[in-house]
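Each chain, written out:
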Amino acid sequence: AMGWQKNLSLENLAENRDALRAFIDANMVLAILGFIALYAVVVALSLPGGAVLTLAGGLLFGWLVGGIASVIGATLGAVAVFLIAKSTLSDILAAKAGPWLDRLRQGFQQDAFNYLLFLRLVPIFPFWLVNLAPGLLGVSFSTYVITTILGIIPGTFAYSLAGSGLDSVIAAQQSAHQSCLAKMGAGGQESCPYTLDPGALLTPELIAGLVALGLVALVPVLVKWFRRRAA
């Protein structure tokens, strides 16, 4: 409500990365725990900014530590959503999910593990919905946790790797921004926006790899479906 989620942007990260790194160097353990907690809260509240946080983890902690911290934070946040969906708020949350829930119901009934793993690997549905639906549709807690961890690892580490090399992208964008301002003179801020698009870091090869992993996870579901059709 106060708009704090607007601070979860690559532009804000670029402007404050030196101060953040100085804090991390002096307080490594506290910084990692704080990052995990922030990530968990963002996922639990279904706020935008998860991709930016994953990139930030790679930039600030390196791809390995940043990737592990992002997986832990995302899993904790997703578990919080699952437990809330199992609570007395289930009817309210089911109403929020609306017709999306019915589209997922049959897949979970046929093979909850592989179907949920597919949804994690290939984000064709909103992340908040994939966190919420299993709790409303009776998926077991163990299946939910295991598929969440396994399913988000490829994409998370891909973003974390991209984040670890983000310095050069930030430097190039800042240089282009300053050059534009120098040419435009006074009032050039509107004509020279400083933007960093996390979507630009997703290469066709990366997207194809994630889709391929998702299709592998979906194979058992399709096999069962074809067998039932044949029967």
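Since the model is a prediction, treat every value here as computed from it, not as a measurement.

About the criteria used
Counting restarts for each chain: residues are numbered from 1 in the order of the written sequence. Local features are withheld for residues below a pLDDT of 70 in this predicted model, meaning they are given only at 70 or higher, and side-chain atom pairs are given and counted only at 80 or more; totals for whole chains, interfaces and linings count all residues. Values shown for side chains rest on all heavy atoms present in the structure; no hydrogens or waters enter the calculation. The numbering of helices and of strands both runs from the N terminus, where a helix is a DSSP run of H or I of at least 4 residues and a strand a run of E of at least 2. For every residue, the accessible area (1.4 Å probe, protein chains only) is compared with the maximum for its type, and the residue is labelled buried under 20%, exposed over 50%, or partly exposed between those bounds. We call two residues in contact when some of their heavy atoms are within 4.5 Å. Throughout, the Shrake-Rupley method with a 1.4 Å probe supplies accessible areas, and for residues the shown protein chains are the sole cover considered. Multiply 1.5 Å by the residue count of a helix minus one, and that product is the helix's expected span. Taking the helix axis as origin, the arc is that swept by the directions to the C-beta atoms. By definition, pLDDT measures how confident the predictor is in each residue, and it falls between 0 and 100. Here the term patch refers to residues with relative accessible area over 30% and no salt bridge, with like charges joined within 9 Å and nonpolar side chains (Val, Leu, Ile, Met, Phe, Trp, Tyr) within 5 Å. Here a salt bridge means any side-chain nitrogen of Lys or Arg lying within 4 Å of a carboxyl oxygen belonging to Asp or Glu.

A few words on the overall build of the protein chain. Along the protein chain, the regular secondary structure elements total 10 helices and 0 strands. When the helices and strands of the protein chain are listed from N to C terminus, the series reads α-α-α-α-α-α-α-α-α-α. In the protein chain, which comprises 231 residues, the share counted as buried stands at 42%. Partitioning the intrachain contacts of the protein chain with sequence separation of at least 6 by distance along the chain shows that 78% fall at a separation of at least 24. With the model as given, the accessible surface of the protein chain reaches about 12300 Å², and the carbon-plus-sulfur share is 66%.

We now examine helix 9 (residues 166-184). Over its 19 residues, helix 9 runs 27 Å from end to end, which matches the ideal 27 Å to within 8%, given 1.5 Å per residue. Burial in helix 9 covers these residues: Leu166, Ile170, His177 and Leu181. Buried residues of helix 9, seen end-on, are gathered within an arc of 40° and therefore sit on one face of the element. In this structure, helix 9 carries Ser168, Ala182 and Lys183 as exposed residues pointing more than 90 degrees from its buried face.

Should the pLDDT be low somewhere, the predicted coordinates at that spot are not to be read in detail. Averaged over the protein chain, the pLDDT score is 79; the fraction of residues at 70 or greater is 74%. Looking over the protein chain, one finds the lowest element-wise mean pLDDT in helix 5 (residues 90-97), namely 63, and the highest in helix 2 (residues 28-44), namely 95.

A contiguous nonpolar surface patch, about 610 Å² in accessible area, is contributed by Trp63, Leu64, Val65, Ile68, Ile72, Leu76 and Leu161. By the element assignment, leucine 161 lies in helix 8 (residues 141-164).

Moving on, we get to helix 7 (residues 127-136). Of all 10 residues in helix 7, 8 are buried; the element is thus mostly enclosed. Residues of helix 7 that are buried include every one of Leu129, Val130, Asn131, Leu132, Ala133, Pro134, Gly135 and Leu136, and no others. Looking one or two residues beyond helix 7, the residue adopting positive phi is glycine 138, at roughly 85°.

Looking now at the side chain of asparagine 131. Among the secondary structure elements, asparagine 131 is positioned in helix 7. A relative accessible area of 0% places asparagine 131 in the buried class. What asparagine 131 contacts, discounting residues up to four positions off in sequence, is Val43, Ala78, Val81, Phe82, Arg120 and Tyr144.

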